[in-house]
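# Fold and contact review
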Amino acid sequence: MIRDMRYVTDSHQIPSSRPEEWQPLLRRGFELGWVSDDARPAAPAADEVAYRWRQDKASILPGIIDVASWQSEIGAAHALMEEVLDADELSPLLEKPPYIDRLGETFPLVASSFEEHDEQGIEKVYFDADQDGEPIAENLWCKASWLSFIEEDASLRFRFSFGMECLEDVAADPGRQLWAGRLCDTIFPESKSITENPQILSILENIVGGEPAFVERIVYFNAPNGGAQMHHDVERGHDGVVFAQLSGSTFWLALAKPLLIDALIDFITNPANSDEVTRLLPDATDRLALAEMLSDRAVLSAYMDEFDHELVEAVMDRSALFTQHLVEKGYGYILHAGDVLLMPQRDLDNCVWHSVICLGDEPGEALSFAVRRK
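Residues numbered from 1 in each chain as written. Predicted model: local features only at pLDDT ≥ 70, side-chain atom pairs only at ≥ 80, totals over all residues. Heavy atoms only, no water.

As summarised here, the arrangement of the 3 strands in space is β12-β11-β14, forming an open sheet in which the pairing is antiparallel. With one partner strand each, in any of the chains shown, β12 (332–335) and β14 (352–359) form the two edges of the open sheet. Sheet twist, expressed as the average angle between the axes of neighbouring strands with direction ignored, equals 25°. Inspection of the sheet shows strand β11 (residues 249–256) paired to β14 by 8 bridges, in the antiparallel sense. Note on β14: the bridge partner recorded for Leu-255 is Trp-353. Sheet contacts for helix α13 (residues 320–328): β11 and β12; angle to β11, the most-contacted strand, approximately 75°. (Pairing = 2+ DSSP bridges. Helix = DSSP H or I, 4+ residues; strand = E, 2+ residues; numbered from the N terminus. Axes fitted to C-alpha atoms, helices over the stretch in contact; angles between N-to-C directions. Contact = heavy atoms within 4.5 Å.)

It is worth spelling out the sheet that holds strand β13 (residues 340–344) at this point. Strand order in the open sheet formed by 9 strands is β4-β13-β10-β15-β9-β8-β7-β6-β5, with antiparallel pairing between adjacent strands. Each of the sheet's edge strands pairs with one partner strand only, and the pair in question is β4 (59–61) and β5 (109–113). Put simply, the sheet's adjacent strands are angled 20° from each other on average, direction ignored. Sheet topology note: the strand β10 (residues 240–245)/strand β15 (residues 364–373) ladder contains 6 bridges and is antiparallel.

This part takes up the pattern of salt bridges. Within the structure shown, the criterion is met by 12 salt bridges. A salt bridge links Lys-374 to Glu-211; the shortest N-O distance between them is 3.1 Å. Residue Lys-374 is located in the segment after β15, and its partner Glu-211 is located in the loop between α7 (198–208) and β9 (212–222); the two are separated by 163 residues in the primary sequence. A relative accessible area of 54% means that Lys-374 is categorised as exposed. (Salt bridge = Lys/Arg side-chain N within 4 Å of Asp/Glu carboxyl O. Buried < 20%, exposed > 50% of the residue type's maximum accessible area, 1.4 Å probe, protein only.)

Once that is clear, we can look at the packing of aromatic side chains. One pass over the structure, following the stated rule, counts 8 aromatic pairs. When the ring of Phe-158 is compared with that of Phe-188, the centres are 5.3 Å apart and the planes differ by 55°; the resulting orientation is tilted. With Phe-158 in strand β8 (residues 156–162) and Phe-188 in the loop between α5 (174–187) and α6 (192–195), this pair connects stretches of sequence that are 30 residues apart. Phe-188 shares its class with Phe-158; the two are buried. Plain terms: the ring middles of Phe-243 and Trp-252 are 4.4 Å apart, the flat faces sit at 70° to each other, and that makes the pair edge-to-face. An aromatic cluster of three or more residues is present, and its members are Phe-158, Phe-160, Phe-188 and Phe-221. (Phe/Tyr/Trp six-rings, centres within 6.5 Å; stacked < 30°, edge-to-face > 60°.)

Contact geometry for helix α8 (residues 257–269) and α13: axes closest at 11 Å, N-to-C directions at 125°. By the angle between their directions, the pair α8 and α13 is classed as oblique. Considering only the axes of α8 and α13, their crossing is right-handed. For the pair formed by α8 and α13, the contact residues are Leu-260, Ala-263, Leu-264, Asp-266 and Phe-267 on the first element and Leu-321, Phe-322, His-325 and Leu-326 on the second. (Parallel < 35°, antiparallel > 145°, perpendicular 65-115°, else oblique. Left-handed = near helix turned anticlockwise from the far one by under 90°.)

On to the pairing of β14, then. Among the 8 residues of β14, 8 are classified as buried, and the element is accordingly described as predominantly covered. Because side chains alternate across β14, one face comprises the buried residues Val-352, His-354, Val-356 and Cys-358, and the other comprises Trp-353, Ser-355, Ile-357 and Leu-359, equally buried.

Here it is as structure tokens:
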């Protein structure tokens, strides 16, 4: 299931033969090692993917998307991303061709909001969905945001949803969820590389036990020095996440929460890593607090679900040695254009936590869609 990946913690360990094949893992100013991959994994059987999903394990589907068929749309999406970076706004761009033509009378643009309350937010653009001149889904939106607060990280995301952000139970209104998804299809037609892909649909139908629905969609542009820190995507009513790499490449760590807890305990309590833990947490009080949490899995698990979990974040997201620890256990993945990663999100206790790092010198487009049974 996993690529033939090679990993080293620093560039001095790279073999002198063919060093150009190695890519640095750099995210938000932190150097997390170097990776190289030589071989693509064989495509897994559908039953194997379903089994791994039930076991809360990520699965890579190599080359399942024919990105050559979507080059025009992918190129247009990159151009939109660059324009948003230059203009620091979104709505005027969607009022020009080709977007205004695609939106047509079905998705009238009704308002926009510059997200002053959200330091990562750029602009949220609101739409209604009309059918035969009558509104059938209101307050849909596309929100453009930075992925981090780091000035050197140009990573962007375009998120599609509806209603009051972070306050509304979106799973309670599947109708508007589906219309928000159609809005994503309209602005980013390459979304159909997932939603109309017969192979992906067949695999997901086997997983969710019926026709899959793609909801709470995000179109990502992970840029050099950017990506996402270790997190989960649990949300009520959703079974998991489908992530598709459409351009560029990314490095992933993905593993179920119990396994991540095991890895944290093993790594931090290993005397061989004491110098690294001290480097990451120079305050002895912090190290003592972390040691106390490690002695009680339930306490550690609850702490990880808090918004501020700095004591474990320092280890999970800033240590090349911990990254190596996870890669050696088989939790590392490299995605190239056309690859898909499936990540079950059963519940807070068993979900697949994951982190992402952009590989290479250019931003890459990717799709991240929640999936549930329609």
